[in-house]
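Residues per chain are reported as follows:
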Amino acid sequence: MSDTSTPNSNAPSADYRATLNLPDTPFPMRGDLPKREPGWVNGWNEGGLYKKLRAARQGAPLFVLHDGPPYANGKLHIGHALNKVLKDMIVKSKQLAGFDAQYIPGWDCHGLPIENAIEKLHGRNLSRDDMQAKSRAFATEQINQQREDFKRLGVLGDWERPYRTMDFANEAGEIRAFKRVIERGFVTAASSPFIGALTAALRWPNSRSNTPTKRATPWMWPLKPTTPQHWPPPLA
């Protein structure tokens with residue numbers, strides 16, 4: 001015997017939502033991360049999260065990650081992202097482990113990458129002073145852009161007090177350290193080829209004077225050969 005009765009179409013439909021025991025949270029149903037993440041990062045920066053973390057771990061064992069700096073030229077790429085995110089994971093894990101975990105960012109402001117960028121923008125007929133001034137201005141601009149991009153990745157650090165290799169105090173410290181190395185007899189005069197780049201290799205042999213080239217980096221100047229009895233040179 002089969003039931004041939006038809007269901008009543010006028011019967012109210014069951015509201016199964018009321019039968020589920022779901023938590024009531026303020027989280028939205030959609031993640032919408034491309035819009036929400038910038039807001040989180042801005043909140044961390046404006047609220048001084050990094051300084052609050054330092055205050056919370058005051059007196060705790062110290063852990064400092066003094067960053068190996070990227071070049072201050074060009075936009076970030078996936079290598080920058082991988083490098084900074086991995087370092088940020090290490091610092092934050094140390095913070096959670098009870099350390100006063102500090103991240104000190106920095107930038108390398110010297111070398112061929114920046115100088116080549118200036119030559120592409122302004123040509124190769126710049127004086128040494130003009131090359132150095134334009135390189136410094138270019139590096140400052142790139143640092144400001146990269147800093148904001150690193151913050152966007154969610155990397156926490158002392159972004160307001162980074163170290164930059166072009167800071168005069170940093171350059172003076174390097175010269176003082178090199179002076180101590182010389183005074184201790186760890187520097188000798190010898191002939192050794194140094195090919196920093198193809199453009200530099202082609203330029204140096206064609207030089208007809210002993211004056212420094214127009215490169216912005218002091219230690220890339222071709223030096224006049226010096227005999228051991230004239231080493232070390234006098235230091236001002």
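Residues numbered from 1 in each chain as written. Predicted model: local features only at pLDDT ≥ 70, side-chain atom pairs only at ≥ 80, totals over all residues. Heavy atoms only, no water.

Caption draft 1: Representation of the overall build of the protein chain within the structure. Of regular secondary structure, the protein chain possesses seven helices and four strands. In the protein chain, buried positions account for 25% of the 236 residues. Here the protein chain has roughly 17200 Å² of accessible surface; of this, 58% comes from carbon and sulfur atoms. (Helix = DSSP H or I, 4+ residues; strand = E, 2+ residues; numbered from the N terminus. Buried < 20%, exposed > 50% of the residue type's maximum accessible area, 1.4 Å probe, protein only. Areas by Shrake-Rupley, 256 points an atom, 1.4 Å probe, with all protein chains shown as cover.)

Caption draft 2: View of a nonpolar patch on the surface. Side chains of Leu82, Val85, Leu86, Met89 and Leu153 sit close together on the surface and give an oily, nonpolar patch of about 440 Å² of accessible area. Along the chain, the position of valine 85 falls in helix 3 (residues 78–96). (Patch = residues over 30% accessible without salt bridge, like charges linked within 9 Å, V, L, I, M, F, W, Y side chains within 5 Å. Salt bridge = Lys/Arg side-chain N within 4 Å of Asp/Glu carboxyl O.)

Caption draft 3: Expanded view of the nonpolar core. With 19 residues, the main nonpolar core has Ala72, Tyr103, Trp107, Cys109, Ala139, Ile143 and Trp159 as its most contacted residues. Elements with a minimum of two residues in this core: strand 2 (100–104), helix 4 (112–122) and helix 5 (128–152). Among the elements that make up this core, the one with the highest residue count is helix 5 (five residues). (Core = buried A, V, L, I, M, F, W, Y, C linked by side-chain atoms within 4.5 Å.)

Caption draft 4: Spatial organisation of the pairing of strand 2. Counting buried positions along strand 2 yields four of five residues, so the element is predominantly enclosed. Note that strand 1 (residues 62–66) and strand 2 share five bridges and pair parallel. The partner of histidine 66 across the bridge, within strand 2, is isoleucine 104. With respect to chirality, the unit in which strand 1 leads through helix 3 into the neighbouring parallel strand 2 is right-handed. (Pairing = 2+ DSSP bridges. Right-handed = clockwise from strand over helix to strand, strands pointing away.)

Caption draft 5: Inspection of the confidence of the model for the protein chain at higher detail. Summarising the model, the protein chain shows a mean pLDDT of 81, and 76% of its residues fall at 70 or more. Note on residues 204–232: pLDDT under 50 across the span, and 47 contacts to partners over four residues away in sequence or across chains. (pLDDT = per-residue confidence, 0-100. Contact = heavy atoms within 4.5 Å.)

Caption draft 6: Spotlight on helix 5. Over its 25 residues, helix 5 runs 36 Å from end to end, which matches the ideal 36 Å to within 8%, given 1.5 Å per residue. Within the span of helix 5, buried status applies to Met131, Ser135, Phe138, Ala139, Gln142, Ile143, Gln146, Arg147, Phe150 and Lys151. (Expected span 1.5 Å × (residues − 1).)

Caption draft 7: Here's a closer look at the environment of arginine 36. Within the fold, arginine 36 resides in helix 1 (residues 33–46). With relative accessibility at 35%, the residue arginine 36 sits in the partly exposed group.

Caption draft 8: Quick peek at the pattern of salt bridges. On inspection of all chains with the given rule, the structure shows twelve salt bridges. One salt bridge connects aspartate 67 with lysine 84, and the closest N-O pair in it is separated by 3.0 Å. With aspartate 67 in the loop between strand 1 and helix 3 and lysine 84 in helix 3, this pair connects stretches of sequence that are 17 residues apart. Just as aspartate 67 is buried, lysine 84 falls in that class too. Put simply, Asp67, Lys84 and Lys87 are held in one network by salt bridges that share partners.

Caption draft 9: The arrangement of the environment of leucine 112 in detail. Within the fold, leucine 112 resides in helix 4. Residues leucine 112 and tyrosine 71, 41 residues apart in the sequence, show an inter-C-alpha distance of 9.9 Å.

Caption draft 10: Highlighting the packing of aromatic side chains. For the coordinates displayed, the defined rule picks out four aromatic pairs. Centroid distance tryptophan 107 to phenylalanine 150: 6.4 Å. Interplanar angle 35°. Geometry classified as tilted. One end of the pair, tryptophan 107, is in strand 3 (residues 106–107); the other, phenylalanine 150, is in helix 5, with 43 residues separating them in the sequence. Both residues of the pair, tryptophan 107 and phenylalanine 150, count as buried. When the ring of tryptophan 107 is compared with that of tryptophan 159, the centres are 6.2 Å apart and the planes differ by 50°; the resulting orientation is tilted. With a gap of 52 residues between them, tryptophan 107 in strand 3 and tryptophan 159 in the loop between helix 5 and strand 4 (163–164) connect regions that are remote in the sequence. Both residues of the pair, tryptophan 107 and tryptophan 159, count as buried. A network of ring pairs unites the aromatic residues Tyr103, Trp107, Phe150 and Trp159 as a single cluster. Residue placement shows lysine 84 over the ring face of phenylalanine 150; its charged tip is 4.7 Å from the ring centre. For the cation-ring pair, lysine 94 lies above phenylalanine 99, with the distance from its terminal atom to the ring centre recorded as 5.1 Å. (Phe/Tyr/Trp six-rings, centres within 6.5 Å; stacked < 30°, edge-to-face > 60°. Lys NZ or Arg CZ within 6 Å of the ring centre and 35° of its normal.)

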